[in-house]
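# Fold and geometry: a report
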Amino acid sequence: MYPIVYGLFYLLSLLPWRVLYLIGDGLYLLVFYVIGYRKKVVFQNLEIAFPEKTEAERKRIAKDFYHNFIDSFIETIKLLSVSEKVFRKRFTVNIDVLNNLYAGSQNVQIVAGHYFNWEFANLGVSLDSKFPFIGVYMPLSNKSFDRLIYKLRTKFGSLLVPANEFKNNFHFYAKNRYALGLVADQNPGNPGKAYWTHFFGKPAPFARGPEKGAKMNNTAIVYAHFYKVKRGYYKLDFELVTTNPNEYADGALTKLLVKKVEDSVRKIPANYLWSHRRWKWSHEYEKYKHLMV
């Protein structure tokens with residue numbers, strides 16, 4: 001089935017951007033007004049994050065989020081056939097912040113939030129990074145679509161590690177120089193083995209992996225805020241957080257990175273993945289409050 005699936009999506013990707021976005025606008029109307037995909041979760045999250053905003057303001061953010069959400073799928077299809085020349089016109093990054101670290105002996109851990117459009121960010125970093133760029137991904141159950149996404153994400157040289165194999169296999173990649181991309185706002189599998197901190201004023205657990213890995217491997221940490229400049233155009237702002245992760249007390253790095261995510265989201269609220277159930281464990285805070293950092 002893969003050749004058929006790939007062929008169909010590749011042909012679709014050859015449509016002009018404006019035509020694909022017209023299709024996206026139609027899908028937005030269907031998803032928001034008819035299907036209502038995760039609308040309850042989205043509006044609950046926005047109420048938690050922005051209690052000071054009016055209902056009308058939160059609804060505007062929600063609508064803009066759904067537009068970005070649909071655009072990310074449309075753009076992912078387009079990226080299958082986009083040339084490097086066209087891509088460079090649509091994505092900019094202050095890559096020197098990352099590449100300046102290559103002269104040293106440290107590897108790098110790039111940390112971000114669930115921002116749009118992560119497919120642009122993945123391709124853009126791998127294109128110009130002096131470090132081999134490693135991304136962690138969750139394999140899809142459908143093998144044909146899994147191969148399709150894998151092919152897209154490795155288009156400009158990214159290395160991909162399946163999330164379910166990361167713990168056992170990452171050491172093979174760690175033998176060489178690398179820049180590892182992770183998210184700071186990932187829900188932990190077990191809230192009892194997480195760091196808890198406030199996110200938009202509400203306690204929530206966060207996976208310990210990014211902080212633990214940075215300290216174990218003594219990597220530099222670079223924060224990545226990427227966002228839409230206008231439809232089909234994105235920018236990534238890198239910020240060096242530290243080259244000494246072991247100077248931070250347990251949980252302090254996680255707390256700092258979560259704060260950076262929150263600050264980024266407050267700047268451009270609709271750029272965040274609000275359908276992500278970030279506070280799903282918060283009702284059990286009393287049970288885990290001893291883990292608060």
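The following paragraphs examine the structure supplied in this document.

What counts, and at which threshold
- Residues numbered from 1 in each chain as written.
- Predicted model: local features only at pLDDT ≥ 70, side-chain atom pairs only at ≥ 80, totals over all residues.
- Heavy atoms only, no water.
- Pairing = 2+ DSSP bridges.
- Helix = DSSP H or I, 4+ residues; strand = E, 2+ residues; numbered from the N terminus.
- Axes fitted to C-alpha atoms, helices over the stretch in contact; angles between N-to-C directions.
- Contact = heavy atoms within 4.5 Å.
- Core = buried A, V, L, I, M, F, W, Y, C linked by side-chain atoms within 4.5 Å.
- Buried < 20%, exposed > 50% of the residue type's maximum accessible area, 1.4 Å probe, protein only.
- Arc of directions from axis to C-beta.
- Salt bridge = Lys/Arg side-chain N within 4 Å of Asp/Glu carboxyl O.
- Patch = residues over 30% accessible without salt bridge, like charges linked within 9 Å, V, L, I, M, F, W, Y side chains within 5 Å.
- Areas by Shrake-Rupley, 256 points an atom, 1.4 Å probe, with all protein chains shown as cover.
- Parallel < 35°, antiparallel > 145°, perpendicular 65-115°, else oblique.
- Left-handed = near helix turned anticlockwise from the far one by under 90°.
- Phe/Tyr/Trp six-rings, centres within 6.5 Å; stacked < 30°, edge-to-face > 60°.
- Lys NZ or Arg CZ within 6 Å of the ring centre and 35° of its normal.

The sheet built from 7 strands is open, its strands ordered β1-β9-β8-β2-β5-β3-β4 with mixed pairing. In this open sheet, the two strands that pair with only one neighbour each are β1 (91-93) and β4 (159-162). In this sheet, adjacent strand axes meet at a mean angle of 30 degrees when their direction is disregarded. Where strand β3 (residues 133-137) lies against strand β5 (residues 179-183), 3 bridges are found, and the strand directions are parallel. Bridge pairing in β5 places F133 opposite A179. Strands in contact with helix α9 (residues 166-173) are β3, β4 and β5; relative to β4, the strand with the most contacts, it is inclined by about 155 degrees. Where helix α11 (residues 252-267) meets the sheet, its contacts fall on β2 (108-112), β8 (220-230) and β9 (233-242), and the angle it forms with β8 comes to roughly 10 degrees.

Turning to the nonpolar core, a few remarks are in order. Counting residues in each nonpolar core, the largest one holds 69 residues, and the members touching the most others are F87, L98, V108, I110, F238 and W274. Here this core takes 7 residues from helix α4 (residues 55-78), the largest share from any one element. Grouped together as the second largest cluster of nonpolar side chains are 6 residues, I134, V161, Y178 and L180 included.

Our focus in this paragraph is helix α3 (residues 39-49). Taken together, the buried positions of α3 are occupied by V41, V42, N45, L46 and A49. Buried residues of α3, viewed axially, fall in a sector of 130 degrees; they line one side. Where α3 is buried, its residues touch α4 and α11.

Oppositely charged side chains can form a pair if their charged atoms are brought close together. Applying the stated criterion across every chain yields a total of 14 salt bridges. Ionic pairing is found between K215 and D250, a salt bridge with its closest N-O pair at 3.4 Å. Here K215, found in helix α10 (residues 209-217), pairs with D250, found in the loop between β9 and α11; they are 35 residues apart in sequence, far enough to count as distant. Two residues, E286 and K289, come together in a salt bridge whose shortest N-O distance is 3.0 Å. You can call K289 partly exposed: its relative accessible area is 43%. Salt bridges sharing partners connect three or more residues here, namely D25, D71, K228 and R231.

Of note, the amide linkage connecting F116 to N117 takes the cis form, showing an omega dihedral of -10 degrees. Relative to the helices and strands, N117 is located in the loop between β2 and α7 (118-128). Unusually for a residue other than glycine, N218 sits at a positive phi of about 50 degrees. Here N218 lies in the loop between α10 and β8.

The next point concerns a nonpolar patch on the surface. A surface patch of nonpolar side chains, about 810 Å² in accessible area, is lined by L12, I23, L27, L29, L30, Y33, V34, I35 and Y37. At 7 residues, helix α2 (residues 17-35) tops the list of elements feeding residues into the nonpolar patch. With respect to the helices, strands and loops of the structure, V34 is situated in helix α2.

Moving on: the packing of α3 against α4. Viewed as axis vectors pointing N to C, α3 and α4 meet at an angle of 130 degrees, and their least axial separation amounts to 10 Å. Overall, the two elements α3 and α4 adopt an arrangement that is oblique. Crossing angle aside, the handedness with which α3 passes α4 is right-handed. Residue-level inspection shows K39, V42, F43, L46 and E47 of α3 in contact with α4, the latter providing R58, K59, I61, A62, F65 and Y66.

Another aspect to go through is the pairing of β9. Across 3 bridges, β1 lies against β9 in parallel orientation. Bridged to V93 within β9 is L236. For β8 and β9, the ladder comprises 9 bridges, and the chain directions are antiparallel. Across the sheet, H225 pairs through a bridge with D237, a residue of β9.

Using the criterion set out here, one finds 35 aromatic pairs in the structure. Plain terms: the ring middles of F9 and F145 are 5.6 Å apart, the flat faces sit at 80 degrees to each other, and that makes the pair edge-to-face. Here the residue F9 occupies a position in helix α1 (residues 2-13), and F145 occupies one in helix α8 (residues 143-153), the gap between them amounting to 136 residues. An aromatic cluster is present here, built from Y28, F32, Y33, Y37, F65, Y66, F69, F73, F116 and W118 joined pairwise through their rings. The ring of F206 has R278 lying over it, and the distance from NZ or CZ to the ring centre is 4.0 Å.

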